[in-house]
Structures are given as C-alpha cells and as structure tokens.
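Per-entry structural report
Listed below, chain by chain, are the residues.
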Amino acid sequence: MNANEAPRTGNLTGLDPAEAARRLVDDGPNILPGSASRSVFAMAAGVLLEPMFLMLLSAGGLYLALGDRAEAAFLLSFVFVVIAITIAQESKTQRALESLRDLSAPRALVIRSGLEIRIPGRDVVRGDLLVLHEGDRIAADAVLLQGHLDVDESLLTGEAVPVVKLPVTGAGALLFASTVVTKGVGTAEVITTAAATAVGRIGQALAAAPEPVSGLQLASRKLIRYLTAGGLLLAATYCLLGWLWDGHGFVQSMLAGIALAMAILPEEIPVILTIFLALGAWRIAKRKVLTRRVSAVEALGAISVLAVDKTGTLTQNRMRVAQLSAHGQTFVDEAAVDLPETFHELVEFAMLATPGDPFDPMEKAIQSFGRRWLGSTEHFHADLSPTFEYGLSAEILAMTRVFTGESPSRYRLATKGAPEAVADLCHLPSARRDELLRQVEEMAEGGLRVLGVARGEWQGSEWPESQHDFTFHFLGLIGFVDPPRPDVAAAIAECRAAGVRIIMLTGDHPATARAVARDVGLSERPEIVTGVEMDALDDDALRERMRHVDLCARMQPVQKLRLVQVLRQGGEVVAMTGDGVNDAPALKAADVGIAMGERGTDVAREAAALVLLDDSFASIVAAIGQGRRIYDNITKATRFVFAVHMPIIALALVPALLHWPALLMPVQIVLLELIIDPACSIVFEAEAAEPDVMTRPPRSPSESPFALAGLRHSVLQGLGLAVVLLLGFAVLTKSGVAVPLARTAVFMALVVGVYMLTLASSDPSHVLRSERMGGNPWLRRMAGGVTGLLVFVIGVPVVRNLMGLAVPDAASLIATSLMIGISALWLAGSRRFDNRRARSALEAKRRLGV
C-alpha cells in the first residue's frame, strides 16, 4: 500500500477461512528468514568430523593396509551404524526443539468470518484483520482501520519514543511487523507478510536468533578439549613407545594407539547435554511450561528465590467487583437485585476512567459491573471517547481521562487509582483522609484489592503538566476480589520443602498482600516492604531488608528490575514472573524469567526464558522439579561416562605396558560404544526423579557435573572394575587358559560390567535393584540388548574370529561369573560408602542453613 493511500474501512468481518487458507498457500507462511533445520547429510558430516570417528576411520584404513579386509569391513560398517544411531537421536532432539519453536512463535488475534480467533503468527495472510492490544507484537505490515495506538518502532528506527498511530490518510496509519503496541486498542488490515514486510526486507529475523550456549555446555566443551588433547598426546606417546621401544610394527603400534585414543575420548558428553536439555525442555512443555531458551533448563534446578506476581499466578486472575463504598454506605455484590442510586456516580466515573475494551483484568471487571447495573441508565456512556489522558506513573499511582463537557472549553475528569493517590489528588483534609485509609485497610484485610475513584471539572485551552493541577471530588472506593488458585497452597508448601524461598510481588495495598499470603500459606512473617520504602533504601540496605521480607506491595515494574538485581548480587538464583511490557527488563535480568502465556504480552513472552501456558503457580513448581531431575540425570550420565571409560582405558593400555597379549582392539571398543551411547542418551534421560528431588536444598550455581570432586567416586568405581578384570585375565593366563578364552571371559565380564555401572550410576542407593528397572523401562531393554550383543558376538563365528574371541568353556564361564560377582560387590560397597558421605554432607549443609 502506498503511504498516501487512504486506509480501507468498512465491514470488519474479515476473511473467511477458505480464502485465508488459499492465500496462505499462495503467499506461503508468515515467517521471517531464519535458520533451516540441519539436513541428514549435515548430521552425518558432523558425526564423521568428531575425533572419535576420525579414529575409527583411521583404524579401518590401517586394517585395509594390512590386508585384513574382513576386519576393516566390519570396523567401517560400524561407522554407518553409529551414524544411523546419532542421526536418529539428533532427529528426535530436533523434532522436540521444532515443536517448542512452534509453541513459542508469536500468535495473532484476527477477525475471520466476523469472529475473533487467535492463530499462530505464521498463519496470518494478506487481508487479515488484526485485533491489537497493549503489549502485542504486530504480526505483519498492516494499516490501522480503527482505534488509537502507541507503537514502539525502535526495532526499525532506533528511536525509543513510541509513535502515535491513528486511522488517518498517510504514513501515520501504517503498522510494521515485529514492532510492539505499548498502549491502546485497534484493528488493522494486513497488507504484506513474511519477507515482504519492512523488517523482512532489511533482514531482521528476531525469531531466528541463535540459541545461547548454556553454562554446562561451555564447561563441557572446555573439559572435552582438555581430555581430547591429553588423550591424543597419550595415544601418540603410546604408539611411539610400542614402535620404538617394544619393537612392534608401526602399523600395529598405530592400531594400539588408535584403540587407546578411542577409549579415552569422552565423545558422549556433548550428546548427553544436547539431548538431555532439548528433551528436558520438551518434557517441561508437557507440564504446561514452554521453554523459549533451552539453556534456561539447567538453571531451574538451582533456583533459590521465586519472585511471583500475586494476580493471575497465585490468584485466579478473575477479578470481580465485590464491594462499593460511597457516602458512608456499603454495597456488597452478593445476591443483590439492584444498585442503589447512591453508588451510580461512583460506578459511572469508574467506567469513564477505564478504557472501553480494556486489557487489565481489574478494568474488565469495572466495565462488566457497570454494564450490568448501569446499562439502561443515563450514567452509561458507551460511545464517549476521551480527549486526553494522564497515565499511571511511579509518582502518581492514578490515571485520569479527560472528556469534552457541555461547552468546548469545559471538560469532565474521571480518575481512578490507589486510594491514597486519589485522596492526595482530592486534597482531602487530614481527618477525612485518615478515616478513608482506615476503611481501605479494613477492606484490604478482607483480601480485597481497593481502588479510589474521583471526578473533576476543568476549563482551559492547554493541558496542565500534572494531574495535581486539577481539582477533584472524591466519590468512593471499589473493592475487587480475586480468589487464590486452588492448587497454590500445596505448591507453595512443596516449594518451601525444596528450600525455594517465595517472594510475592503486587501493586496492591499491603493489607491485601498480607491477606492473600495468609490464605495460601506463603509466609508467616508479617513484615512487608512497599515500593516507596524500597526507593528510600540503597542496594545494601535493601538486600539486608529482603532477608526478612517475603511480601512486596505497591510495586512498580522498575522496582521489580532493581529487586532482581539486588537479589542476584546477594548470590541468589532468581526466577521472576511477569506479564506486562514494563516487566520485560526484569524478566530478562532474572536467571529464569517466566512470562504468563494466557494474559501476558508478546513482549513479556519474548523477554522470558519460560512461558506458563496456563499461568499456574503449580506449573512453575513442577518445572523446578523437572529442572532438578534433568540436572540429576545429566550428573548420573556424566559419572557413568567417566566410570565406564576407566576399565576400557585400562584394558587398552595396561596389557601393552606389561607386554601381555592385546585385550581390547578398536572393533571391540566400537562394539562397546553401541552399549555406552544409548545408555548415556536414552537410559539416563528417561530416569525418574529421585524421591528427595523436592525436599533437598537447591544446588549451588557453582556446582557442576564435571567437577573433579563429584567424578572422583565414579573414576574409582571404574578403576576397581578394571583391576578385577585385569587380575582375572592374569590369573586365567597364568593358569594355562588360552588367550582367546581368557580374552572372551574378560570381554563378557566387561560388557556385563558396563551394564552394572549403568545401574550403579542410575540408582543412588543400590547397584542392583529390580524396582529401579521397573521404574525405567529402558534399563530392561538395555539388559536385553547386552544379552543379545553377547550372543551375537560369541555365537556368530565370523564376528567371533574378528574379535579374537572363542566359544567359552566351563572354566572361562566360571571365571566370568566370579569377575562379575566381585565387581558387583565392589560397586555395592563403594556406593554404600559414597551414600554415607553424601548424607553427612547434606546434613551438614542443612544444619548450616545452606
């Protein structure tokens, strides 16, 4: 549309669904240019470039050079098997991420066939009628047909000041995709979508922003770099020693070095983090919590402070007018048959002070109440529009709307806001003011949220700078009720048991905050800090004050941001909820910003790391539990990786150093990877939460699954298993057992040992327990896979010969059983010792209040 073309008006019924579907097919989805999903070829190439698989290809090439085509073919065939497994795992991860992106994509409210429906932003087409409210991100370039909007176009222009949009001829009626409505309500017709929009033409693609790397991923990459460098250096040294010192052939020494490098490289760790975080986000989404940034999943388990809005999170966000107070009389809206005349003016000016199509639940309650009781009276003004407005501000917690009076220079004023602010605007005498505030206190102690209402008149040609320059007459009070959600009390109790402190934030009167906190069992501490008191404290004093305060009343969005910053500076891991445009800075500053999905604005949702699809506090608590489960499982999988690599390294390294026959070859290590990789990425990811997951304190932000202190026990478990296997091999060979039979006994014990390490790492209290297997079906499937693998390797002659194994006899089977039994005793004993040490440490932390 040309900027000078007149906006189209007329019948606002919108497109019919069939025409919208046809245009969607013709023009394509309304999405900005972004990154495409990885292709199968790209996934395969990524696998082949991993150090582990470069080693595998090198070993296959060396076997070919030696003329051992059967072993080379068998070895290289595993490349394709591992590529297939990796692609299947990555595809599952990618599908989970894509489903999350579909959920988190911007949504639009459109009119189709005369009905307002909410659709994904990608389904908006040319000719659609957008219904826009405060906080909406505009889905496509459009022209305003009705309403009055203030729009933040800083994305395009760099100017932070919102631009006024009116349905007039010229550029002032044009709206641009990805800009934000900061104020007002309007209807607009879409003129261009996707890459044809202004933001699309200049290459802005907000939806395609790269996923930030999590702290765990950064730590794991650093660890892998060190281990890879160390492993390759050790393998190269080992190869040279075998060639120059022991006199082995270069090719044989190279194969031994490759086997050792493959045993050392921890290629499973990046797989663990990628899959666990992505599938963890998908599991959390099933609990009605959408993860917009996967990196936030790891922070969930460390949350120590949860700062939540009262309205809509702890309460049902179903505001209704419950009580009126005017001229010394009280009206309670329970089974009332009519509204006495005494209260008509109060309700009339409350409606005038409220937008006709409001976004705020309290303002919706005012309009609904007014239409119910005044709809057929002269006090109802459906078509009256304000000439000017004074918005709510931190200095004056009240808003005033100005209407044209009987003559052009005379105006009527309608004001509503915090009772103390409205009383101040009305310049009430001290006695009247004290009586009013006492009445407000009584209503607030009953759990009501209270607003004051006033009217005024003004005559002049230029608007005063402040509402204080008008003269107002106080009309009365309106009390609103918003009952707590039924599941909040239990969720708060669960949070407190988990050591997560809850701070309630509200713009309400302190007494209202205290009443709601009492009803839901949030806090037994009566102390409250208000926004005004907060501004009077410096950061250190506020941080100290917040150690003893759980309730914050009369809060402004800018104060939420400061509160988040102060709490984080004090070492807390902070989760913050919000729903408005002005909440976005606080949501972004929090460790975990949580936006409301039902009543939240697009801006809040985009600033947040999580979005509550049902606005329920219980869903936040469930997400914290899931975050702890995910972190626990990452820790279990990481410890398993380090434990399982110990016997593999030892069996590859020690025989050469002691001049024994080779115990592990590259083909055997690759075969073991077919057990280890699924155990890491599937078995541990599916582990259920530990019984104490929500009864222990939050983990420290500095805690890491890669910390040496946490891995020490796992390394000792693996080394103990290695010692048992090496001693078993030594005893067998010294007893005259043939090397292939001894190698077979050790290999079978090692494969079963890998499975026992899986059980030992998954169960914090027992090594072998049938209930654990019942809780995780993948453990049973892994047991079947281990059995099938052994049958395949031993039972198929070609495979058995390639592995250098033999059909076990009675003596080797007895030796295998003994090695397995001793390994089980070792794992059980070490686990019991570690459990006692862990319990002692936890009790010490609890005694210290950590």
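Just above, that's the structure.
These remarks concern the structure in this document. (Residues numbered from 1 in each chain as written. Predicted model: local features only at pLDDT ≥ 70, side-chain atom pairs only at ≥ 80, totals over all residues. Heavy atoms only, no water.)

1. Focus: the pattern of salt bridges
Oppositely charged side chains can pair when the atoms bearing their charge come close. The line we're drawing: Salt bridges are identified by distance alone: a Lys or Arg side-chain nitrogen within 4 Å of an Asp or Glu carboxyl oxygen. Segments assigned H or I by DSSP are reported as helices when at least four residues long, segments assigned E as strands when at least two residues long, and all are numbered from the N terminus. Here the term buried applies to any residue with accessible area under 20% of the maximum for its type, exposed to any over 50%, and partly exposed to those in between, with areas from a 1.4 Å probe on protein chains only.
Tallied over the full model, the rule gives 27 salt bridges. Between Arg-554 and Glu-420 there is a salt bridge, with the nearest N and O atoms lying 2.8 Å from each other. Here Arg-554 is found in the loop between strand 19 (551–553) and helix 20 (557–569), whereas its partner Glu-420 is found in helix 14 (residues 419–425), with 134 residues between them in sequence. We classify Arg-554 as buried; its relative accessible area is 11%. Among the salt bridges present, the one from Asp-632 reaches Arg-696, with a minimum N-O distance of 2.4 Å.

2. Considering unusual backbone geometry
Residues other than glycine predominantly adopt negative phi, and peptide bonds predominantly adopt the trans conformation. You will see that Ser-113, though not glycine, has its phi angle at about 55°, which is positive. Mapped onto the fold, Ser-113 is located in the loop between strand 1 (107–112) and strand 2 (115–120). Look at Asp-615: it is not a glycine, yet its phi comes out positive at around 55°. Within the secondary structure layout, Asp-615 lies in the loop between strand 22 (610–612) and helix 23 (617–657).

3. Focus on the nonpolar core
Going by this rule: Here, the term nonpolar core denotes a set of buried Ala, Val, Leu, Ile, Met, Phe, Trp, Tyr and Cys residues that are joined through side-chain atoms within 4.5 Å. Residue contacts follow a heavy-atom distance rule, with two residues in contact if any of their heavy atoms lie within 4.5 Å.
Counting 113 residues, the largest nonpolar core has Leu-306, Leu-522, Phe-617, Phe-640, Leu-672, Phe-747 and Val-793 as its most contacted members. When residues in this core are grouped by element, the largest group, 17 residues, is from helix 23. When residues no more than four places from it in sequence are discounted, the contact partners of Val-793 are Leu-671, Phe-747, Val-799, Arg-800, Met-803 and Leu-805. Listed in part, the 28 residues of the second largest apolar core include Val-549, Ala-584, Leu-587 and Val-611.

4. Let's talk about the side chain of Arg-699
Cut-off, in case you're wondering: His residues and chain termini do not enter the charge count, which takes Lys and Arg as positive and Asp and Glu as negative. Two N or O atoms count as a polar contact when they lie within 3.5 Å, although within protein this holds only if one can serve as hydrogen donor and the other as acceptor, and sequence-adjacent residues are included solely when both atoms are side-chain atoms.
Relative to the helices and strands, Arg-699 is located in the loop between helix 24 (666–683) and helix 25 (708–734). Buried and without a salt bridge, Arg-699 has Glu-298 as its closest oppositely charged side chain, separated by 5.2 Å. A polar atom in the side chain of Arg-699 sits 2.3 Å from the backbone oxygen of Glu-298. Leave out the neighbours within four places in its chain, and Arg-699 touches Glu-298, Ala-299, Gly-301, Ala-302 and Tyr-631.

5. So, helix 25
Defined as follows: Expected span, for any helix, means 1.5 Å times one less than how many residues it has.
Taking 1.5 Å of rise per residue, the 27 residues of helix 25 would be expected to cover 39 Å, and the 37 Å separating its terminal C-alpha atoms lies within 8% of that figure. Within two residues after helix 25, Gly-736 carries a phi angle of roughly 90°, on the positive side.

6. Topic: the packing of helix 24 against helix 26 (residues 739–762)
For the record, the criterion: Axes here mean lines fitted to C-alpha atoms, for a helix over just the part in contact, with angles spanning 0 to 180 degrees between N-to-C directions. For classification purposes, angles smaller than 35 degrees are called roughly parallel, those larger than 145 roughly antiparallel, those between 65 and 115 roughly perpendicular, and all remaining angles oblique.
Look at helix 24 against helix 26: their axes get within 10 Å of each other, and the N-to-C directions meet at 10°. Classified by the interaxial angle, the pair formed by helix 24 and helix 26 is roughly parallel. Seen from helix 24, the contacting residues are Gln-668, Leu-671, Leu-672, Ile-675, Ile-676, Ala-679 and Val-683; seen from helix 26, they are Arg-743, Phe-747, Leu-750, Val-751, Val-754 and Thr-758.

7. Here we look at the packing of helix 9 (residues 268–285) against helix 23
For any two helices packed against each other, the geometry comes down to the angle between their axes and how far apart the axes lie. Note the cut-off: Working rule for handedness: look at the near helix, and if it is turned counterclockwise from the far one by less than a right angle, call the crossing left-handed; if clockwise, right-handed. Throughout, the ten residues Ala, Val, Leu, Ile, Met, Phe, Trp, Tyr, Cys and Pro are labelled nonpolar, Asp, Glu, Lys and Arg are labelled charged, and all others, Gly among them, are labelled polar.
The interhelical angle for the contact between helix 9 and helix 23, taken along N-to-C directions, is 160°, at an axis separation of 10 Å. Taken together, the axis directions place helix 9 and helix 23 in an arrangement best described as roughly antiparallel. The two elements helix 9 and helix 23 meet at a crossing, and its hand is right-handed. Taken together, the residues of helix 23 that come into contact with helix 9 (itself represented by Glu-268, Ile-269, Ile-272, Leu-273, Phe-276, Leu-277, Gly-280, Arg-283 and Ile-284) are Ala-623, Gln-626, Arg-629, Ile-630, Asn-633, Ile-634, Ala-637, Thr-638, Val-641, Phe-642 and His-645. Per-class residue counts for the contact of helix 9 with helix 23 are 12 nonpolar, 5 polar and 3 charged.

8. Focus: helix 24
For clarity, the cut-off: Axes are fitted to the seven residues ending at a residue and to the seven starting at it; the angle between these axes is taken as the bend at that residue.
An ideal rise of 1.5 Å per residue puts 26 Å on 18 residues; helix 24 measures up with 25 Å between its terminal C-alpha atoms. Residue Glu-673 marks the point of greatest curvature in helix 24, where the axis turns by about 25°. Among the 18 residues in helix 24, 15 count as buried, and that is most of the element.

9. Overview of the environment of Ser-466
The topology assignment puts Ser-466 in the loop between strand 15 (449–459) and strand 16 (471–481). The class for Ser-466 is partly exposed, based on a relative accessible area of 22%. Between the C-alpha atoms of Ser-466 and Tyr-390, which are 76 residues apart in sequence, the distance is 7.9 Å. Among the polar contacts listed, one links the side chain of Ser-466 to the backbone nitrogen of His-468, at a separation of 3.1 Å.

The values are spatial; any link to function lies outside them.
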